[in-house]
Amino acid sequence: MSQYDEGHTVAGWTGTAIATVGSAVLGAGICMVSAVFIAGGTGILAASVLVTWALHLAGWGKPPGVRPRGEWRMGVRDLSARDGHPDCWGCRLAGRGRGTAAGVVAVAVASEVGRVGGEPEPAAGAAAGAGAAEAGR
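Residue numbers restart at each chain and count upward from 1, following the sequence in its written direction. Local features in this predicted model are restricted to residues whose pLDDT is 70 or higher, and side-chain atom pairs enter the listing and the counts only when it is 80 or higher, whereas totals over whole chains, interfaces and linings include all residues. Only heavy atoms go into the side-chain values, all of them from the structure, while hydrogens and water stay out.

Numbering of helices and strands starts at the N terminus; helices are DSSP runs of H or I of at least 4 residues and strands are runs of E of at least 2. Assigned secondary structure in the chain consists of 5 helices and 0 strands. Walking the chain from its N terminus toward its C terminus, one meets helices and strands in the order α-α-α-α-α. Relative accessibility thresholds used throughout: buried, under 20% of the residue-type maximum; exposed, over 50%; partly exposed, between the two (1.4 Å probe, protein chains only). When the 137 residues of the chain are sorted by exposure, 19% land in the buried category. In what follows, a contact means two residues having at least one pair of non-hydrogen atoms within 4.5 Å. Partitioning the intrachain contacts of the chain with sequence separation of at least 6 by distance along the chain shows that 51% fall at a separation of at least 24. For the chain, the exposed area adds up to about 9,500 Å²; of that, 68% sits on carbon and sulfur atoms. All accessible areas in this document rest on Shrake-Rupley with a 1.4 Å probe, and a residue is counted as covered only by the protein chains that are shown.

Right, dumping it as structure tokens:
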């Protein structure tokens with residue numbers, strides 16, 4: 001069994017089932033040259049994406065990456081979804097998983113401390129001149 005166990009979730013299976021129905025309706029619409037079926041199938045496919053995303057945000061999906069074996073069952077709800085998963089596009093689109101205001105301030109302060117205590121950054125012209133001098137040697 002895979003270490004990642006991706007897609008073995010309520011969100012994954014529900015989204016796949018809805019997308020399968022949408023693909024079948026879309027395919028029937030293409031075969032019958034029916035704008036109604038094509039539009040309906042496309043709408044069902046769009047709904048499958050939104051339903052899967054909503055279930056993921058509600059905790060019925062799982063974060064990417066390696067998880068403990070105890071969390072591999074399909075019915076396990078992910079309680080960390082409320083805060084957002086790191087490196088998860090779905091969570092970032094929903095405004096989750098980003099640094100808090102305190103974290104952003106801490107990073108900004110740390111970068112300012114580094115500038116004050118360290119050497120100044122070279123000017124853009126000086127860096128270009130140094131690179132040209134190195135190339136001429």
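Mapped onto the secondary structure, His 8 falls in the segment before α1 (10-32). Non-local contacts of His 8, meaning those with residues more than four positions away in its chain, are made with Trp 13, Lys 62, Trp 72, Arg 73 and Met 74.

Attention now moves to a nonpolar patch on the surface. A contiguous nonpolar patch, built from Met 32, Val 36 and Phe 37 and spanning about 320 Å² of accessible area, is present on the exposed surface. Mapped onto the fold, Val 36 is located in helix α2 (residues 35-60). Excluding any residue in a salt bridge, patches collect residues exceeding 30% relative accessible area, merging like charges within 9 Å and nonpolar Val, Leu, Ile, Met, Phe, Trp and Tyr side chains within 5 Å. For this analysis, a salt bridge means a side-chain nitrogen from Lys or Arg found within 4 Å of a carboxyl oxygen belonging to Asp or Glu.

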